[in-house]
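Analysis of the macromolecular model
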Amino acid sequence: MNKKYSDFFNPEMETMTRPQIEKLQLERLQATVAHCMNSPFYKKRFEDNGISPSDIKTLDDLRKIPFTTKQDLRDTYPFGIASAPLDRCVRLHSSSGTTGNPTVILHTQKDLDEWANAVARCLWMVGCRPGDVFQNTSGYGMFTGGLGFQYGAERVGMLTVPAAAGNTKRQLKFFTDFGTTVVHAIPSYATRMFEVMEEEGIDPRRDTRLKTLVIGAEPHSDEQRRRIEQMLGVKAYNSFGMSEMCGPGVAFECREQNGMHIWEDYYIVEIVDPETLEPVPDGELGELVLTTLDREAMPLLRYRTRDLTRVLPGKCPCGREHKRLDRMQGRSDDMIILKGVNIFPIQIEQVLMKFKELGGNYLITLETLESNDEMTVEVELDQLFTDSFGRLQALEKKIARELHDEILVTPKVRLVPRGTLPVSEGKAVRVKDLRKKF
Ligand code: ADP
Ligand code: ZN
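Residues numbered from 1 in each chain as written. Chains lettered and ligands numbered in written order. Predicted model: local features only at pLDDT ≥ 70, side-chain atom pairs only at ≥ 80, totals over all residues. Heavy atoms only, no water.

**Overview of the overall build of the chain**
- Within the chain, the regular secondary structure consists of 12 helices and 21 strands.
- Its C-alpha atoms give the chain a radius of gyration of 23 Å, within 12% of the compact-globule value 22 Å for 438 residues.
- Dimensions of the chain, computed from C-alpha atoms along their principal axes, come out at roughly 70 × 60 × 40 Å.
- When the 438 residues of the chain are sorted by exposure, 54% land in the buried category.
- Intrachain contacts of the chain at a sequence separation of at least 6 include 66% that bridge at least 24 residues.
- Accessible area for the chain stands at about 19100 Å²; split by element, carbon and sulfur atoms hold 50% of it. (Helix = DSSP H or I, 4+ residues; strand = E, 2+ residues; numbered from the N terminus. Rg over C-alpha atoms; globule rule 2.2 N^0.38 Å. Buried < 20%, exposed > 50% of the residue type's maximum accessible area, 1.4 Å probe, protein only. Contact = heavy atoms within 4.5 Å. Areas by Shrake-Rupley, 256 points an atom, 1.4 Å probe, with all protein chains shown as cover.)

This is the structure we're talking about:
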């Protein structure tokens, strides 16, 4: 392997070549499938489809196995999909369940250890070391961004500050008092923290030791990342994960900041066309499907994440040969269909973030006006931008035109003062759909 960096958290796994990765994957896949026969759900799935673990002779044989969906997790709620007995499990995480039964993810002690190792590998990759002070602004509790990063950061050997979500002024006090160097935050919250810093007269470059930001848990554009980096004077790395796959630690940007390495010793990646469910070639957008390779309590086979992304072709200059995923486009269910056009909120964000007059917070509202479906994009102005009414109107028109070029419909654009749009404590709510359903 052509190594640009010499310092790995897990050199054995991080410096594997493609043939080595694939050999390990096949061994782990076969073991995983055999272990899944302890799961009442998978045992029946295999019987119903006339397949058995011995049918998995190559990595391509994975395609013989049916997909697992979120609905399967709901239908087997709470413990019906587990492959280990409950008395071997030491923790569960659960999703909110706003749309039906919640889902449950179980972990054995080994699962938790490996999860911490995966998160530590990610953090180490972007330069976190003992001596760093790591502040986590995620909600703790069921949300995996809390405990997931906590144990991973401790495994690196950093001094950890489990600040949890909210209370921005207290977060900033911790930054300055404890000398925080690394922060984990949802991108929308990173922007919010900077706004409060400005209001409080704190200059992140002068008054803090911040150097690294880990941002993830919600879709965000590269433009938004660059903005956060400039505001805070840090490097910001994209972090991808989901509760079903443990949580954070699934895929993470290296210092090249060009795609997130997905740890293929833990997961097999497939990208499929969400309609035909056929595989798409590297470089093409599709739905991410993941198979866990090293889980005891609740392995998942070919889990349809509903997240849309692509595998970036080519080798990463960092030398790691674990595949790279492109920035998430959003979930298939985040897609807005307006006047017959498919639109992802992230496309709108990309356009907005190019305007230096604008702040980071925006809200897309869809409503039915005189039986037409219309889109309004409200976006906060950067506080420092004061201009005449006429100039603001001209700016609104310019933004609307550029949005039209990107999404092919012309939204109404409304510029509002900074701090007027709602900020949620968890993931940002970017779309309000008030359309009448006929
Ligand atoms: P919930 O399902 O309740 O949102 P999770 O914390 O499990 O809870 O959320 C995982 C989802 O969050 C992913 O499936 C993905 O849609 C989104 N997500 C996580 N990390 C990122 C990221 N870096 N970029 C974009 N979306 C992300
Ligand atoms: Zn890399």
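**Let's talk about the packing of aromatic side chains**
- Evaluation of the coordinates by the stated rule reveals 5 aromatic pairs.
- Considering the side-chain rings of Phe-174 and Phe-178, the 4.9 Å spacing of their centres and the 20° angle between planes classify their relative orientation as stacked. One end of the pair is Phe-174 and the other is Phe-178, both in helix H7 (residues 168-178) and 4 residues apart, which spans about a single turn.
- Residue Phe-174 is classed as buried on the basis of its relative accessible area of 16%.
- Sitting over the ring of Trp-124, Arg-129 keeps its end group 4.0 Å from the ring centre.
- Arg-302 extends its terminal NZ or CZ atom over the ring of Phe-67, reaching a point 4.2 Å from the ring centre. (Phe/Tyr/Trp six-rings, centres within 6.5 Å; stacked < 30°, edge-to-face > 60°. Lys NZ or Arg CZ within 6 Å of the ring centre and 35° of its normal.)

**Looking at the environment of Leu-358**
- For Leu-358, the location among the structural elements is in strand S18 (residues 358-369).
- According to the relative accessible area criterion, Leu-358 is buried, its value standing at 0%.
- Along the primary structure Leu-358 and Leu-415 are separated by 57 residues, whereas in three dimensions their C-alpha atoms are 8.4 Å apart.
- Excluding anything up to four places from it in sequence, Leu-358 contacts Arg-227, Leu-352, Val-379, Glu-380, Leu-381, Asp-382, Ile-399 and Leu-415.

**With respect to the sheet that holds strand S21 (residues 431-433)**
- Judged by pairing direction, the sheet is mixed, and its 4 strands sit side by side in the order S20-S19-S18-S21 without closing on themselves. Each of the sheet's edge strands pairs with one partner strand only, and the pair in question is strand S20 (412-416) and S21. Ignoring strand direction, the axes of neighbouring strands in this sheet form an average angle of 20°.
- Two elements, S18 and S21, share 3 bridges in a ladder whose sense is parallel. Across the sheet, residue Ile-364 finds its bridge partner in S21, namely Val-431.
- Lying over the sheet, helix H12 (residues 389-407) contacts S18, strand S19 (372-381) and S20, oriented at roughly 135° with respect to S20. (Pairing = 2+ DSSP bridges. Axes fitted to C-alpha atoms, helices over the stretch in contact; angles between N-to-C directions.)

**Brief notes about the coordination of the zinc ion (ligand 2)**
- Of the protein atoms, only Cys-254 (SG), His-261 (NE2), Cys-316 (SG) and Cys-318 (SG) coordinate the zinc ion (ligand 2), at distances of 2.1 to 2.3 Å.
- The sequence pattern describing where the donors of the zinc ion (ligand 2) fall on their chain is C-x6-H-x54-C-x1-C. With respect to burial, Cys-254 and His-261 carry one shared label: buried. (Donors = N, O, S within 2.8 Å, 3.2 Å for Na, K, Ca; no water.)

**Topic: the pairing of strand S6 (residues 212-216)**
- Counting buried positions over the 5 residues of S6 gives 5, a clear majority of the element.
- Because side chains alternate across S6, one face comprises the buried residues Thr-212, Val-214 and Gly-216, and the other comprises Leu-213 and Ile-215, equally buried.
- Where strand S5 (residues 182-185) meets S6, 4 bridges bridge the pair, whose relative direction is parallel. Bridged to Val-182 within S6 is Thr-212.
- When S6 meets strand S7 (residues 235-240), the two strands line up parallel, connected through 5 bridges. Within S7, the residue paired with Thr-212 across the bridge is Lys-235.
- Taken together, S6, helix H10 (residues 222-232) and S7 constitute a β-α-β crossover, and its handedness is right-handed. (Right-handed = clockwise from strand over helix to strand, strands pointing away.)

**A short note on helix H11 (residues 345-352)**
- Most of H11 sits inside the fold, with 7 of its 8 residues counted as buried.
- All of the buried residues along H11 are Pro-345, Ile-346, Gln-347, Ile-348, Glu-349, Val-351 and Leu-352.

**A closer look at the site of ligand 1**
- Residues in close proximity to ligand 1 total 15 residues, the closest being Asn-238, Ser-239, Ser-243, Asp-307 and Lys-427.
- Measuring from a nitrogen atom of ligand 1, one finds a backbone N or O atom of Ser-239 at 2.7 Å.
- With respect to ligand 1, the side chain of Ser-243 contributes an N or O atom lying 2.7 Å from an oxygen atom.
- In the complex, the protein chains occlude 87% of the 560 Å² of accessible area that ligand 1 would expose alone.
- When grouped by side-chain class, the residues that make up the shell around ligand 1 number 6 nonpolar, 5 polar and 4 charged. (Near = heavy atom within 4 Å. Polar contact = N/O pair within 3.5 Å; in protein donor to acceptor, adjacent residues only side chain to side chain. Nonpolar A, V, L, I, M, F, W, Y, C, P; charged D, E, K, R; others polar.)

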